[in-house]
Amino acid sequence: MTFTEAQAGDNLIIQIVFGKQNMDLPSKIVGVRGKNLIVDIIHLNKKMLNLSSDNIRINLMLIREGKVPIVWKNVACKVIKENEQAFYQITSYSEGYENNRREAFRLFIGNDGVAQVGINKKALEVIVRDVSENGFSFVTSTDVKMAVGEPVRLVFIDLDITFSLMGIVVRKVNVNEKEVLYGCKLSVKNDKLLKYINSKQRQTISANKNKEYKKPGMGTKISKAKKKKESKKNRYETTAEIKDLFMKALNEDSNEK
């Protein structure tokens, strides 16, 4: 697939690869010119990000509403100026391909959490649907306009561990009249998240084995009150607690910077 699949206004994810590390940043297509894309400049800390260094590799992901993304690997990128405004000119020397990220194992969560879609937007109360090593999804009653391509922050707790995940919205689906699902790609890899997924997988496997080999009559009865207490153990009890945790995570990130 070539850049003819893209058009002005489409959302992109620009992946910067340096060594074994990578960082994903959102941008937007300004125009398509033959084999070249003209793309909005990315600024970090109010400085223009140079993507033409020999020490990095650049991959491109085109976000398409209702379709899987298209990926181009190892594209060339340089800064051009038009009417005294800077843009990236991106050139691909190979065909793009459709990339289905759902091949990664997705762990169902079902816990309360808080998400912030876009920069300086209000925190939303959400239900974390699932997470994987590549991304996450959540459901909320709030319909955020023009959400696809926006940066997103998700905070939730499980197993007494607080997770603060950063990503980019790549999919938005109306589940029903009252709920909207947001599918997100991780923009910053989280080692704590991968360990958590592996731990939950082992728990699931262990639980399935116990069910399979347990003999009749060996089970222990658990009261309804105890079950209810355990089900709430890894959930926030009040909206205030969720939002307090979210703001704490944001402040910690600001202090690190």
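Just so it is clear, the model here is predicted, and its values are computed rather than measured. (Residues numbered from 1 in each chain as written. Predicted model: local features only at pLDDT ≥ 70, side-chain atom pairs only at ≥ 80, totals over all residues. Heavy atoms only, no water.)

**Comments concerning the pairing of strand E14 (residues 151–158)**
As a general feature of sheets, a regular strand has side chains that alternate between the two faces. The element E14 is largely enclosed, with a buried count of seven among its eight residues. Strand direction decides the pairing type here: strand E11 (residues 107–117) and E14, joined by five bridges, are antiparallel. Within the sheet, the bridge partner assigned to Gly 113 lies in E14 and is Phe 156. Across eight bridges, E14 lies against strand E15 (residues 161–174) in antiparallel orientation. Across the sheet, residue Val 155 finds its bridge partner in E15, namely Ser 164. Here E14 folds back onto E15, and the loop between the two strands holds two residues, one of which, Leu 159, carries a positive phi near 55 degrees. (Buried < 20%, exposed > 50% of the residue type's maximum accessible area, 1.4 Å probe, protein only. Helix = DSSP H or I, 4+ residues; strand = E, 2+ residues; numbered from the N terminus. Pairing = 2+ DSSP bridges.)

**Remarks on the confidence of the model for the protein**
Residues at a pLDDT of 70 or more form 76% of the protein, whose mean pLDDT is 80. Of all helices and strands in the protein, the one with the weakest mean pLDDT is helix H2 (residues 224–231) (46), whereas strand E13 (residues 135–140) scores best (94). Counting interchain partners and residues more than four positions distant, the pLDDT-below-50 stretch residues 213–222 has two contacts. Scored below 50 in pLDDT, residues 226–239 makes 21 contacts in the model with residues more than four places away or belonging to other chains. (pLDDT = per-residue confidence, 0-100. Contact = heavy atoms within 4.5 Å.)

**Some details on the pattern of salt bridges**
Oppositely charged side chains are able to pair whenever their charged atoms sit close together. Within the structure shown, the criterion is met by six salt bridges. The closest approach of N and O atoms between Lys 185 and Asp 24, which form a salt bridge, is 2.0 Å. Remark: Asp 24 occurs in strand E2 (residues 21–33) and Lys 185 occurs in strand E16 (residues 180–186); sequence separation between them is 161 residues. Judged by relative accessible area, Lys 185 falls into the buried class, the value being 8%. Of the charged contacts in the structure, one is a salt bridge between Glu 82 and Arg 33, with a shortest N-O distance of 2.4 Å. One end of the pair, Glu 82, is in strand E8 (residues 76–82); the other, Arg 33, is in strand E2, with 49 residues separating them in the sequence. (Salt bridge = Lys/Arg side-chain N within 4 Å of Asp/Glu carboxyl O.)

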